[in-house]
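# Topology and contacts: notes
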Amino acid sequence: MFFSNSLENQLQRWNETIRNQPKNPNAYIRRGMVNFQLAKIDESIQDFDIAEQLDASIKPYLWQRGLSYYYAERFAEGAEQFEIDLRVNAQDVEETVWRYLCIARSLGVEEARNSLLTVKNDPRRIMQRVYDLYAGDCTPDDVLTVGQSEGIKVNFYSHLYLGLYYEVQNNIDLAQEYIVKAADKYKIDDYMWYLAQVHKKLRG
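Not measured: the values here are computed from a predicted model.

### Looking at the domain arrangement of the chain
- One can read the domain layout of the chain as domain 1 (1–61), domain 2 (72–118) and domain 3 (124–203).
- One C-alpha centre belongs to domain 1, the other to domain 2, and the line joining them spans 23 Å.
- Taken together, the contact pairs six residues of domain 1 with six residues of domain 2.
- Counting each side, the surface lost to burial between domain 1 and domain 2 is near 520 Å², with a carbon and sulfur contribution of 62%.
- Area buried by domain 1 at its contact with domain 2 is led by Ile45, Lys59 and Pro60, which between them contribute 73% of it.
- Joining domain 1 to domain 2, the criterion identifies zero salt bridges.
- Counting the contacts that link domain 1 with domain 2 gives one residue pair in polar contact (both at pLDDT 80 or more).
- Looking at the side of domain 1 that touches domain 2 residue by residue, the class counts come to four nonpolar, no polar and two charged.

### Some details on the environment of Gln37
- With respect to the helices and strands, Gln37 occurs in helix α2 (residues 25–37).
- On the basis of relative accessibility, which here comes to 12%, the residue Gln37 falls in the buried class.
- When the C-alpha positions of Gln37 and Leu202 are compared, they lie 12 Å apart, and in sequence the two are 165 residues distant.
- Setting aside residues up to four positions removed in sequence, Gln37 forms contacts with Leu7, Tyr191, Tyr194 and Val198.

### Let's talk about the environment of Lys23
- With respect to the element layout, Lys23 can be found in the loop between α1 (4–20) and α2.
- Overall, Lys23 belongs to the exposed group, its relative accessible area being 68%.
- Each C-alpha atom of the pair Lys23 and Gly108 lies 40 Å from the other, and the pair is 85 residues apart in sequence.

### Points about the packing of aromatic side chains
- One pass over the structure, following the stated rule, counts 16 aromatic pairs.
- Taken together, Phe36, Trp63, Tyr70, Tyr71, Phe75, Phe82, Trp98, Phe156, Tyr157, Tyr161 and Tyr191 form an aromatic cluster joined through their ring pairs.

About the thresholds
Think of each chain on its own: its residues are numbered from 1, step by step along the sequence as written. Totals for whole chains, interfaces and linings use every residue, but because this is a predicted model, local features are given only for residues with pLDDT of at least 70 and side-chain atom pairs only at 80 or more, for both listing and counting. Note that water and hydrogens are dropped before the side-chain values are worked out from all heavy atoms of the structure. An automatic or database domain assignment is the source of the domain bounds shown. The contact criterion used is simple: two residues touch if any of their non-hydrogen atoms lie within 4.5 Å. Buried area: the accessible surface (1.4 Å probe) lost by two parts on joining, summed over both. Should a side-chain nitrogen of Lys or Arg be within 4 Å of a carboxyl oxygen of Asp or Glu, the pair is scored as a salt bridge. For the purposes of these results, a polar contact is taken to be a pair of N or O atoms within 3.5 Å, where, inside protein, one atom must be able to donate a hydrogen and its partner to accept one; residues adjacent in sequence count only when each atom of the pair is a side-chain atom. Under the grouping applied here, Gly and all other residues not named as nonpolar or charged are polar, the nonpolar ones being Ala, Val, Leu, Ile, Met, Phe, Trp, Tyr, Cys and Pro and the charged ones Asp, Glu, Lys and Arg. A run of H or I in DSSP becomes a helix once it reaches four residues, and a run of E becomes a strand once it reaches two; helices and strands are each numbered from the N terminus. Each residue gets one of three labels from its accessible area relative to the maximum for its type: buried under 20%, exposed over 50%, partly exposed in between, using a 1.4 Å probe on protein chains only. Between 30 and 60 degrees the pair is tilted, below 30 it is stacked and above 60 it is edge-to-face, where a pair is any two Phe, Tyr or Trp rings, Trp via its six-membered ring, whose centres lie within 6.5 Å.

As structure tokens, this is what we get:
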């Protein structure tokens, strides 16, 4: 899963599936995810859009499109996507944090913090800490401490969300340090790990 060659193979498989099942929205979502993992951001958005056209009811579940919007610098659309997602998944810190990131990139960190939506019951301790950080209620060290105590996956998430936190504050050196570490040191088989790779690639 960690090599772009296998992603190219996956892309070919989904191309084939779509040729055979051109009305299958899930196939477009899956191809969109692979396109994103290959840093083909515009292509990924096109696939997610087609999926929604085929089945409008999936719109609140297209969190992947919100991530693609962020990297396409379509921040207003990204914020809107995550807002819609939160209507069906109100306890997911990541949705509200990505909404924050989109707002911070377009309107500034203060506006993003003031409009941070409340999430109380995400079961993941690291995401509770990340939420506290973005809300201004704890320090980066508090986030890292949880990561260090809970293994590679949680370490990955602590570094990724610290890197993104610093990016929207225009602290590019710290953003780079944490995201590169997330991508290179804490390799996990997870869509968000690929996001860290895409981030590295797009930011050079």
